[in-house]
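Listed below are the residues making up each chain.
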Amino acid sequence: MKPSLLIILCYIIAQCNCFAQEEGQKSKEASPFTISGFVDSYYTYSFNNPTSKNLAYFTQPARHNEFNLNWGILQANYQKGKVEANFALQEGTFVRNNYAGEPGFLRNIYLANVSYKLTDELKATIGIREAAINLESNLSIDNPVYSRSFAADIMPYYQSGLALTWTPSKKFTLDVSLVNGLQKIQDNNSAKSLMLTASYQVNDQLLVGYGNYIGNDNPDSLSAQIAFFNDFYIKYDITDRLQVAATVEYHAKEQVGTSAYDTATEFFVWLRYKLSDKWSIAAFFENYNDPSEVLMNTGTPNGFMLNTGSLNLAYRPQKNMAIRLEGKFFTAPDELFPKENTRSNNDAFVTFSMALKF
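Every value quoted in this text rests on a predicted model; they were computed, and no experiment measured them.

1. Points about the side chain of Ser46
- Relative to the helices and strands, Ser46 resides in strand 1 (residues 33-46).
- For Ser46, a relative accessible area of 0% translates into the label buried.
- Within the local environment of Ser46, its side chain forms a polar contact with the side chain of Asp347, the two groups lying 3.0 Å apart.
- The residues touching Ser46, leaving out its near neighbours within four places in the chain, are Leu55, His64, Asp347, Ala348 and Phe349.

2. Focus on the pairing of strand 13 (residues 279-290)
- The two faces of strand 13 differ: Ser280, Ala282, Phe284, Glu286, Tyr288 and Asp290 on one face are buried, but Trp279, Ile281, Ala283, Phe285, Asn287 and Asn289 on the other face are not.
- In this structure, strand 12 (residues 261-274) lies alongside strand 13, joined through 10 bridges in antiparallel fashion. Paired with Trp270 across the two strands is Phe284, which belongs to strand 13.
- Connecting strand 12 to the next strand, strand 13, in antiparallel fashion are 4 residues.

3. Describing the environment of Leu242
- Take Leu242: it is sitting in strand 11 (residues 242-254).
- On the accessibility criterion, Leu242 (23% relative accessible area) is partly exposed.
- When the C-alpha positions of Leu242 and Gly37 are compared, they lie 30 Å apart, and in sequence the two are 205 residues distant.
- In this structure Leu242 touches Tyr236, Asp237, Leu271, Arg272 and Tyr273, once residues within four positions along its chain are discounted.

4. Quick notes on the pattern of salt bridges
- For the coordinates displayed, the defined rule picks out 7 salt bridges.
- With a shortest N-O distance of 3.8 Å, Arg96 and Glu91 are connected by a salt bridge.
- Since its relative accessible area comes to 56%, Arg96 is described here as exposed.
- Ionic pairing is found between Glu136 and Arg148, a salt bridge with its closest N-O pair at 3.4 Å.

Rules of the game
- Residues numbered from 1 in each chain as written.
- Predicted model: local features only at pLDDT ≥ 70, side-chain atom pairs only at ≥ 80, totals over all residues.
- Heavy atoms only, no water.
- Helix = DSSP H or I, 4+ residues; strand = E, 2+ residues; numbered from the N terminus.
- Buried < 20%, exposed > 50% of the residue type's maximum accessible area, 1.4 Å probe, protein only.
- Polar contact = N/O pair within 3.5 Å; in protein donor to acceptor, adjacent residues only side chain to side chain.
- Contact = heavy atoms within 4.5 Å.
- Pairing = 2+ DSSP bridges.
- Salt bridge = Lys/Arg side-chain N within 4 Å of Asp/Glu carboxyl O.

As structure tokens, this is what we get:
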């Protein structure tokens, strides 16, 4: 993180704390300001031993044979009455990979938004915020599997735009956003895109959801190509200890100069079992099928096609902390993965991580 950004955030936090103390002296009400954060550190070893130390196509984790920071976040929040504001800075290998397309001065901004409650059920938000379009949370600590699915890594983590969030009940939420583009803070064209997410907690055991994105992300100098991405997910608690979840994605992108579309599909499933209140194990499998390279360019004969599986062991000594060990393998028809000074059609890595919310 640039020193200037860190100084700015420290100054904001100091001012928030000073204001909160003054407010506390004037009133017995709770301060409208809160400070929170997240730290996720890891070590990953890839058996392909890539010379660049970069793990291909991954953002979480991102580096081989290196102790590093996956994601660190420091956030200031203001909430009073109908008004809410969030500002958060970030750093880590995830940030360097996932925000590489943004200008340097924007890469370290995780959240910068203001919300206003129009009614008890309807809220408007403008600015930079999370793009919760699929089942997995942005933060690794909230997921049963440490590393991300390709479905989550390829779909947006963040968005910049105007959103309306409707919550008519505790069970149902609908979010509609007008955004700059697919995971874009700084826009690259004159068009705007639409994102929609919906989730419904059917009962204490069953959650279903849907998310989509529709828009053109080509610069104005190129022909427009409308992309339509869809994500369907379900999570079911079979018992108090056993949980299963699955995601199906279908993506389509317009071919240049024709009415035809290239398509890609994806499927993943996880199964988690709680051994005790603090220990759990999880298994994960994913299939990605993108022969036309709608979302991922590889330059290989079969495009981005692969299968992935992993096993996870997690220890949570307290609710806001997770210590995890994961083994993950990949296999593909083409040589997608760096291996020392060459390429391979398979890879496997082991990751140890510790993450904390505060």
